[in-house]
Amino acid sequence: MKKTTLLGAAFFLTVSPLGAAMAEAGAVPHKNTAVVQHPAKQGAFTGATVERAKNGALTIHWKTSADLGPVKVYWSTKPDGGWKELARTYASYGGLHTADPNPGSRVYFKIKGGNGSEIKTAERLLPLQGATNFRDLGGYRTADGKTVQWGKLFRSDELAGLTKADITFLQKSGLKTIIDYRTDDEVKQKPDPAIQGVAYVRNPVFGQSGSGTDIFAYMAAGEFDKMGKPGDVLIAANRDMVDHPEAYAKLFDMMLDPDATAFVQHCTAGKDRTGLGSALILLALGVPKETVMQDFLLSNQYRAAYNKAAVDAMVKQFQLKDENAIGIIQALMDVRPEYMNAAFDEMAKKYGSIQGFLEKGIGLSAAEQAKLKKMYLE
């Protein structure tokens, strides 16, 4: 089997033929537990997160390097202004429980300490009913102490299931562009909804259709040896994406266009093609590699219920007993450090370093990287 067909099939597996299984599994709770870690300094906030309960109530958590005394919490539907006071409390409490101050819209929070120290935060995972992995890349700290702006850079899985309420939510959030990495077959089976005021850009990472026929045939025949060891397919996929980075070069062209932001980049599961695209964005902005890996691995958390249902459905469909075969399927559904590390290793092998890949593989000049930092950091 040709490598490109196998890689395309791996991405196809993340959604088909599992619709019925997911309907039985139910929706994934929108709980945001990823902590944005900031370097600690005297009298400062060092991190903040927002979690949403099933009833829509929000819990804002924060960490400080010292007791900052009285704290004011503000909210806004914009990440860069329009702040309204929500509550007054004390830094030592470590957080605040609150009703959603503006249901149905994206909400950002600013926490300000008595000494003037402040931090912004928001839900990383957007509370959408029709997508399980739609999240914001904002809030991450760069190596030089700046922060990725909230509300401009999003990543997601497929969007075909977005509800009317979801679409309204995204329009209110200021979304301007959808960047679709999927193959022709994936798009044909589950096209993105047309959203008024939002531009749609086809930007396939793989040129082949990726129907998944061969890989399903191997499963049905029990020929799992043709897919190697668990994880081999996606390790190869990440190397291949580095070797053929045209879609990511186009991604950065759009990032440099102020009229294209805010944008969401997405594929089918929002974990592999989108995972590498998100990693490249964060790396170009100066976010440390360790933080980039943490963001990559969040897909396991947000897709946990989906992945379990998917594996169970395929084990049942193909009547699998062999643990290695089940391991291969599980590996196709996961994101794992070795997948992203394979991309990093390929960058180093072909271009000398990640920075070398950004400059020579993507074609991103030093001046363009500086422009991106001015556009997306604060």
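The rules behind these values
Residues numbered from 1 in each chain as written. Predicted model: local features only at pLDDT ≥ 70, side-chain atom pairs only at ≥ 80, totals over all residues. Heavy atoms only, no water. Phe/Tyr/Trp six-rings, centres within 6.5 Å; stacked < 30°, edge-to-face > 60°. Helix = DSSP H or I, 4+ residues; strand = E, 2+ residues; numbered from the N terminus. Buried < 20%, exposed > 50% of the residue type's maximum accessible area, 1.4 Å probe, protein only. Lys NZ or Arg CZ within 6 Å of the ring centre and 35° of its normal. Pairing = 2+ DSSP bridges. Axes fitted to C-alpha atoms, helices over the stretch in contact; angles between N-to-C directions. Salt bridge = Lys/Arg side-chain N within 4 Å of Asp/Glu carboxyl O.

Participant: Lay out the packing of aromatic side chains in plain terms, naming residues and giving numbers.
Facilitator: In this structure the tally under the stated criterion is 4 aromatic pairs. Seen from their ring centres, Tyr-181 and Tyr-248 are 5.6 Å apart, and the 65° between their planes marks the pair as edge-to-face. Of this pair, Tyr-181 sits in the loop between β10 (177–180) and α4 (184–189) while Tyr-248 sits in helix α7 (residues 246–255), and the two are 67 residues apart along the sequence. Here Tyr-181 and Tyr-248 have matching classes, each one buried. Directly above the ring of Tyr-74 sits Lys-110, whose terminal nitrogen or CZ lies 5.5 Å from the centroid. The ring of Tyr-140 carries Arg-124 above its face, with NZ or CZ at 4.0 Å from the centroid.

Participant: Tell me about unusual backbone geometry, residues and numbers included.
Facilitator: Geometrically, the link from Thr-261 to Ala-262 is a cis peptide bond, its omega value of 10° lying close to zero. By the element assignment, Ala-262 lies in the loop between α7 and β12 (263–266). With a phi close to 50°, Gln-319 is a non-glycine residue in the positive phi region. Mapped onto the secondary structure, Gln-319 falls in the loop between α10 (304–317) and α11 (323–333).

Participant: Let's hear about the sheet that holds strand β5 (residues 95–98): which residues, and what values?
Facilitator: Across the sheet, 3 strands lie side by side as β1-β2-β5; this open sheet has antiparallel pairing. On the outer flanks of this sheet lie β1 (45–52) and β5, each paired with one strand and no other. Geometrically, the sheet is characterised by an average inter-axis angle of 10° between neighbouring strands, direction not taken into account. Examined bridge by bridge, β1 and strand β2 (residues 58–64) share 7 bridges and lie antiparallel to one another. If you follow Gly-47 over to β2, its bridge partner there is Lys-63.

Participant: Which residues make up the pattern of salt bridges, and what values go with them?
Facilitator: Considering all chains together, one arrives at 16 salt bridges under this definition. Of the charged contacts, one joins Asp-295 and Arg-155 as a salt bridge, the two residues approaching to 2.8 Å between their closest N and O atoms. Residue Asp-295 is located in helix α9 (residues 289–302), and its partner Arg-155 is located in strand β9 (residues 153–156); the two are separated by 140 residues in the primary sequence. Between Lys-308 and Asp-312 there is a salt bridge, with its nearest N and O atoms 3.0 Å apart. In this pair, Lys-308 and Asp-312 both sit in helix α10, 4 residues apart, roughly one turn of the helix. Classification of Lys-308 by relative accessible area gives exposed; the value is 55%.

None of the figures reported here should be taken as evidence of function without further support.
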